[in-house]
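Here is what each chain is made of, one letter per residue.
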Amino acid sequence: MAQCEQFTTPVDAVLSRMRALDARLPERDGVAVFNRVYLTVTEAVDRHIDTGRFADARAAITLDVRFAERYLTAVKTAEEAGRPPACWRPLFQMRRHPGVRPLQFALAGINAHIGHDLALAVVDACRSLGCEPTDLEDEFDRVGDLLVSLEEHIREELMPGPDLFQIADPLTHLLGSWSLDRARDATWSAARALWALRRLPELAGEFTERLDAAVGLAGRMLLTPLRD
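Computed from a predicted model, the values in this text were never measured in an experiment.

The rules behind these values
- Residues numbered from 1 in each chain as written.
- Predicted model: local features only at pLDDT ≥ 70, side-chain atom pairs only at ≥ 80, totals over all residues.
- Heavy atoms only, no water.
- Salt bridge = Lys/Arg side-chain N within 4 Å of Asp/Glu carboxyl O.
- Helix = DSSP H or I, 4+ residues; strand = E, 2+ residues; numbered from the N terminus.
- Axes fitted to C-alpha atoms, helices over the stretch in contact; angles between N-to-C directions.
- Parallel < 35°, antiparallel > 145°, perpendicular 65-115°, else oblique.
- Left-handed = near helix turned anticlockwise from the far one by under 90°.
- Contact = heavy atoms within 4.5 Å.
- Nonpolar A, V, L, I, M, F, W, Y, C, P; charged D, E, K, R; others polar.
- Core = buried A, V, L, I, M, F, W, Y, C linked by side-chain atoms within 4.5 Å.
- Buried < 20%, exposed > 50% of the residue type's maximum accessible area, 1.4 Å probe, protein only.
- Expected span 1.5 Å × (residues − 1).
- Arc of directions from axis to C-beta.
- Phe/Tyr/Trp six-rings, centres within 6.5 Å; stacked < 30°, edge-to-face > 60°.
- Lys NZ or Arg CZ within 6 Å of the ring centre and 35° of its normal.
- Disulfide = S-S within 2.5 Å.

K.L.:
Go over the pattern of salt bridges, please, and point to the residues and values.
P.N.:
Within this structure, the stated rule accounts for nine salt bridges. We note a salt bridge from R70 to D124, for which the minimum N-O separation is 3.0 Å. In this pair, R70 sits in helix α3 (residues 57–79) while D124 sits in helix α5 (residues 102–129), placing the two residues 54 residues apart along the sequence. One network of salt bridges, in which partners are shared, links D29, R95 and R96.

K.L.:
Describe the packing of helix α8 (residues 180–196) against helix α9 (residues 201–222), naming the residues involved and giving the relevant values.
P.N.:
When two helices pack together, their arrangement is given by the angle between their axes and by how far apart the axes lie. The contact between α8 and α9 brings their axes to 9 Å, and the two run at 160°. With respect to α9, the axis of α8 lies roughly antiparallel. As for the relative orientation of α8 and α9, their crossing is left-handed in sense. On the side of α8, the interface is formed by A190, A193 and L194, while α9 contributes A204, F207, T208 and L211. Across the contact of α8 with α9, the residue classes tally to six nonpolar, one polar and no charged.

K.L.:
Tell me about the packing of helix α2 (residues 30–50) against α5, and name the residues and values.
P.N.:
For the pair α2 and α5, the least separation of the axes is 8 Å and the interaxial angle reads 65°. By the angle between their axes, α2 is roughly perpendicular relative to α5. Handedness of the crossing formed by α2 with α5: right-handed. Of α5, the residues touching α2 (which contributes G30, V33, F34, V37 and Y38) are P102, F105, A106, G109, I110 and H113.

K.L.:
Tell me about the nonpolar core, residues and numbers included.
P.N.:
The biggest cluster of nonpolar side chains holds 71 residues, and the ones touching the most others in it are Y38, Y71, W88, I110, V122 and L136. Put simply, the parts of the chain that give this core at least two residues each are α1 (2–24), α2, α3, α4 (89–94), α5, α6 (137–158), α8 and α9. It is α5 that contributes the most residues to this core, 17 residues altogether. Filtering out sequence-adjacent residues up to four positions away, W88 remains in contact with F34, Y71, A74, G109, A112, H113 and D117.

K.L.:
Lay out α8 with the relevant residues and their values.
P.N.:
Helix length check: α8, at 17 residues, gives a terminal C-alpha distance of 24 Å against a target of 24 Å (1.5 Å per residue), a fit within 8%. Among the residues making up α8, those that are buried are L180, A183, R184, T187, W188, A190, A191, L194 and W195. One side of α8 carries all its buried residues, which in axial view fall inside an arc of 165°. Of the exposed residues in α8, the ones pointing more than 90 degrees away from its buried face are R182, D185 and A196.

K.L.:
So what's going on with the packing of aromatic side chains? Which residues, and what values?
P.N.:
Here the structure, examined in full by the defined rule, presents eight aromatic pairs. Plain terms: the ring middles of F140 and W188 are 4.8 Å apart, the flat faces sit at 50° to each other, and that makes the pair tilted. One end of the pair, F140, is in helix α6; the other, W188, is in helix α8, with 48 residues separating them in the sequence. Over the ring of F54 we find R142; its NZ or CZ atom is 5.9 Å from the centre of that ring.

K.L.:
For the state of the cysteines, give the residues involved together with the corresponding values.
P.N.:
What the rule picks out here adds up to zero disulfides. Left unpaired, C131 is separated from the closest cysteine sulfur, that of C126, by 4.0 Å. Among the residues examined, C131 registers a relative accessible area of 14% and is labelled buried.

The structure is reproduced here in structure tokens:
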């Protein structure tokens, strides 16, 4: 029983911090929109852990917590007028823009978190657990599968109206340029590359900086203000 409590407490703490954000942020705030989506994902991961759907619960919890901590740290840094990673800056800068739709906020947050944070979280988890990225591949895939399964729901929940799929709607073109599946595949490659570079800190730092900048650029495009 004590071992189970040790595993579940870190996820509970992460969920508590996300729920506190949800309670105090304005509903239309761009960070609040993404936070609600991410809270749903993290609750789903927690249920899967509780019901034994992860073969290695310790690995799943470690990855989930390291992953969430990167987002929560970025939020705290922005709130304290610091400089968060480049991948998160577009969302923090555009979070109150009236021309950006909720679906754009949600996908821009997912882009930052999957495209940048997840790769670094895999490396963080491997260091904590003393394992290789390949040892976490099952947990990585299962978390990714949960995100993919929720993506369509997110699009349906936050789409602005029945005109979303009309070819003339600029949102259709904008969101069609980004794919969660492609982002997840690229992230797995980035995580393996970072792990291979772990004994070359200068190269690892340069790789991380370029990854951060590239994901930030994609986020800026996703947050292009659109006319109603």
